[in-house]
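One letter stands for each residue in the lines below.
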Amino acid sequence: MGKKKTGMSIMKKIMIAMAAGILTGIVALFIRESGNETVWNILNKLLFQDISQEKGFYSLGLFYMIQQMFMKGLQLAIVPLVLSSLSTALCSMADPQRLGKIAGKTIGTFVGFYCVGAFLAGCFAMLIKSMGFFNVNLPSANTSDVATIESYNPLTTIVNAIPANVTEVLSSNTSILAVVVVAVIVGLAMNVLGDKAEPMKKLMTCLSDIVQVYMNFLINKISPIAIFCMLSRTFATYGTEYIKPTLAFMIATIVMSLVLVVTIYPAGIFLLTGLNPLKFAKKIFKVGMFAAATQSSAATLPLNRKTCIEELGCSDEISSFVLPTGMTINMNGTTAMHMMAITFIATAAGVDITPAQLVTAAFLSICVAMGTPAIPVAGTTLIFVIMSGLGLNSELCMVAYALVLAISYLPGMAVITLNVVGDAATNVIVCAKEHELDKDIYNS
């Protein structure tokens, strides 16, 4: 009897899709920049064009359609995923005191990583600024369509976490922190009611299983194709007119994110648990790559959970609490990116930003990042809140902000890895502190 052939792993599929997507995008960009308008227009209409725009009426936009359908398919699962996984996790914890300890350690670790990441990112941003790399000549740009949101006190994030209408919160992906609160309330209430809440427990467990099957299908069958389309379109459509003036910001953000992800989390695991950080880094690598490709911490949650439990030896019970909570409030990669973006925008616009202002920016960023929806580019849009808090509202600042938004996808690929790997690192630390980490599996 011959051995049954196993299919290609999802990691290999993702790596091939990323490499092929980047190569295809670069070839398309070369065609575009070489001045061959006829070939580029045909390619653009067939593959890359945003068909929702007026000029996309006569276009097929195949890659755009696949990208949008995939991302909407992922977003479809965010609310039921958070609601079912968190509520069932809390319901299964019989000891409320233990739950409080786990929650305290989880949030404390997240905040610690936030502060360390913001500090190091701020230092790195000031270093890049002092070397003169952010002194760029801004091009003239139309800022009328720049995505902005109304400036507000970031402490309102805490107030808005308590929803006034359950159905309204559950029908939108923009209030995930409020969904977490609802899930916590439902889970704790079911815990208190015991057997009386058995029908609700079965419903939530069944919903969790349905979401799991759906997400596994999207990740294993659809994601490689979607990742190829997204990366091809990203490189093909930006063009050098966006990339050149913001190259310093883009490269600095990518380098900073990669340096942070391979230093603060392994160091945190080693210092707080004494475990071998190289084991963690090796096993979590595919999760970071998948997150970079999809740019969604929600999309990466099932793979992150599977890796934490099956390869890092984390407790199923604790993972079901830490990872969905981290997906919602642990956006320290977003905060690190904010520090770099604010420094670039201010310097490019001729404003000499000070370390004291960066401390204020870090506080504002941490507050708003905790309420950031787990969807692509949401964190980039929130830069405007920090700009408003620091008074960076001149026309040149808006031009620099428009450029940051335009090329947000490429740096975002590195930034998102900080978020999801941070969730996994926190999960390992909390499980180790609660003596629920299988060290044999972790060290295997």
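Cut-offs used in this document
Residue numbering note: each chain is counted from 1, following its sequence as written. Note on the predicted model: pLDDT of at least 70 is required for a residue's local features to be given, and 80 or more for side-chain atom pairs to be given and counted; whole-chain, interface and lining totals, by contrast, use all residues. No hydrogens and no water enter the side-chain calculation; it runs on all heavy atoms of the structure. Secondary structure counts use DSSP, requiring at least four H or I residues in a row for a helix and at least two E residues in a row for a strand, with both numbered from the N terminus. Throughout this description, buried means an accessible area under 20% of the type-specific maximum (1.4 Å probe, protein chains only), exposed means over 50%, and partly exposed covers the range between. Here, residues are in contact when the closest pair of their heavy atoms is within 4.5 Å. All accessible-area figures derive from a Shrake-Rupley calculation using a 1.4 Å probe, and residue coverage is judged against the displayed protein chains alone. Throughout this description, the term salt bridge denotes a Lys or Arg side-chain nitrogen within 4 Å of a carboxyl oxygen of Asp or Glu. How far a helix is expected to stretch is found by multiplying one less than its residue total by 1.5 Å. Nonpolar side chains (Val, Leu, Ile, Met, Phe, Trp, Tyr) within 5 Å and like charges within 9 Å form the patches, drawn only from residues with over 30% relative accessible area and no salt bridge. Counted as a polar contact is a pair of N or O atoms within 3.5 Å, where, for protein atoms, one must be capable of donating a hydrogen and the other of accepting one, and residues adjacent in sequence contribute only when both atoms are in side chains.

A.B. asks: Hey, could you go over the overall build of the protein chain for me, with residue numbers and the actual values?
C.D. replies: Secondary structure summary: the protein chain contains 22 helices and zero strands in total. Counting over 444 residues, the protein chain shows a buried share of 54%. Here the contacts in the protein chain between residues at least 6 apart in sequence split such that 82% fall between residues at least 24 apart. Here the protein chain has roughly 20000 Å² of accessible surface; of this, 66% comes from carbon and sulfur atoms.

A.B. asks: Explain the pattern of salt bridges residue by residue, including any values.
C.D. replies: Throughout the structure, instances matching the rule amount to six salt bridges. Taking the shortest distance from any N to any O, the salt bridge between Arg 305 and Asp 316 comes out at 2.4 Å. Here Asp 316 lies in helix H15 (residues 316–329) and Arg 305 lies in helix H14 (residues 297–310), a separation of 11 residues in the sequence. Looking at Arg 305, the relative accessible area reads 27%, which means it is partly exposed. Under the relative-accessibility criterion, Asp 316 is labelled partly exposed at 41%.

A.B. asks: I'd love a proper account of helix H17 (residues 355–369), names of residues and values included.
C.D. replies: Quick reminder: α-helices carry 3.6 residues per turn. Residues three or four places apart thus point the same way. Counted at 1.5 Å a residue, the expected span for H17 with its 15 residues is 21 Å, and the 20 Å between its end C-alpha atoms agrees. Those residues of H17 that sit buried are Leu 358, Ala 361, Ala 362, Leu 364, Ser 365, Ile 366, Cys 367, Val 368 and Ala 369.

A.B. asks: How would you sum up a nonpolar patch on the surface? Please name residues and give values.
C.D. replies: The grouping of Ile 42, Leu 46, Ile 51, Leu 60, Leu 62, Met 65 and Met 69 at the surface amounts to a nonpolar patch, some 610 Å² of accessible area in total. Elements with a contribution of two residues or more to the nonpolar patch: helix H2 (37–48) and helix H3 (62–76). Here the nonpolar patch takes three residues from H3, the largest share from any one element.

A.B. asks: An account of the side chain of Ser 365 is needed here, citing residue identities and associated values.
C.D. replies: Mapped onto the secondary structure, Ser 365 falls in helix H17. Accessibility expressed as a relative area gives 0% for Ser 365, which makes it buried. A polar side-chain atom of Ser 365 sits 3.1 Å from a polar atom in the side chain of Thr 335. Not counting residues up to four positions away in its chain, the partners in contact with Ser 365 are Thr 334, Thr 335, His 338 and Ile 386.

A.B. asks: Tell me about unusual backbone geometry, and please be specific about residues and values.
C.D. replies: Even without glycine at this site, His 435 takes up a positive phi of about 60 degrees. Assessed through its relative accessible area of 73%, His 435 is described here as exposed.

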